[in-house]
Amino acid sequence: MSNETQPSGQTKKNDDWVKLVSSDGYSFLVKRSVAMISGTLRTMLSTDSTFREARASTCPISERAVLVEKVCEYMTFKAQYENAGPKEEIPLHEFTERLPPEVALELLLAADYLEGDVYDYI
């Protein structure tokens, strides 16, 4: 992991935290490396960009908190098992059992917007 020096003299690492803010005002802190699983968040948080989200390490997400929470859970789950070997068993039920059926469709739409691969697990 490379460190980048900020103008203020602070060092920004890939393992720092970012804030995701839902449309109803709830905030979720996730590690930057976890948020980078999403293509949309990766673009927003890119240190090469001039996006406000990259400078503030805060990304507004136009979804309800219940959906942002599940997206955060999924990204954490994926980050945990991303480098699993081909013979390592991935306990998919740990994630899928926590998905209420009433939010499944909205979660698919949110995953599409965030460019996530949640389709593989629903």
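Just so you know, these numbers come straight off a predicted model, no measurement behind them.

So, the pairing of strand β3 (residues 17-21)
Right, on to step 1. Of the two faces of β3, only the one carrying Val-18 and Leu-20 is buried; Trp-17, Lys-19 and Val-21 on the other face are not.
Right, on to step 2. Pairing analysis gives five bridges linking β3 to strand β4 (residues 27-31), with the strands arranged antiparallel. Across the sheet, residue Lys-19 finds its bridge partner in β4, namely Leu-29.
Right, on to step 3. With three bridges joining them, β3 and strand β5 (residues 58-60) adopt parallel strand pairing. Bridging from a neighbouring strand, Leu-20 pairs with Cys-59 of β5.

Details of the sheet that holds β3
Right, on to step 1. With respect to topology, three strands assemble into an open sheet ordered β4-β3-β5, the strand pairing being mixed. Of all strands in the sheet, those with a lone pairing partner are β4 and β5, marking the two edges. Adjacent strand axes in the sheet meet at a mean angle of 25 degrees when their direction is disregarded.
Right, on to step 2. Of the strands in this sheet, β3 and β4 touch helix α4 (residues 65-81), which is tilted by about 10 degrees from β4.

Section: the side chain of Thr-40
Right, on to step 1. Relative to the elements of secondary structure, Thr-40 occurs in helix α2 (residues 39-45).
Right, on to step 2. Excluding its chain neighbours within four sequence positions, the residues that come into contact with Thr-40 are Tyr-113, Leu-114 and Glu-115.

Some remarks on the confidence of the model for the chain
Right, on to step 1. Taken over all residues, the pLDDT of the chain has a mean of 83, while the share at 70 or more is 82%.
Right, on to step 2. Counted against residues more than four places away or in other chains, residues 1-11, with its pLDDT under 50, gives twelve contacts.
Right, on to step 3. Note that residues 118-122 has pLDDT below 50 and, in this model, 15 contacts with residues that lie over four places away or in other chains.

Considerations on helix α6 (residues 104-114)
Residues lying three or four places apart along an α-helix face the same way, a consequence of the helix completing one turn every 3.6 residues.
Right, on to step 1. Every buried residue of α6 is listed here: Leu-107, Ala-110, Ala-111 and Leu-114. In a view along the axis of α6, the buried residues occupy a sector of 100 degrees, so they form one face of it. Exposed side of α6, more than 90 degrees from the buried face: Leu-105, Leu-109 and Asp-112 are the residues found there.
Right, on to step 2. Looking at the buried residues of α6, the elements they touch are α2 and α4.
Right, on to step 3. Just downstream of α6, Glu-115 is the residue with a positive phi angle, here 55 degrees.

Each value, and the rule that gives it
Residues numbered from 1 in each chain as written. Predicted model: local features only at pLDDT ≥ 70, side-chain atom pairs only at ≥ 80, totals over all residues. Heavy atoms only, no water. Buried < 20%, exposed > 50% of the residue type's maximum accessible area, 1.4 Å probe, protein only. Helix = DSSP H or I, 4+ residues; strand = E, 2+ residues; numbered from the N terminus. Pairing = 2+ DSSP bridges. Axes fitted to C-alpha atoms, helices over the stretch in contact; angles between N-to-C directions. Contact = heavy atoms within 4.5 Å. pLDDT = per-residue confidence, 0-100. Arc of directions from axis to C-beta.

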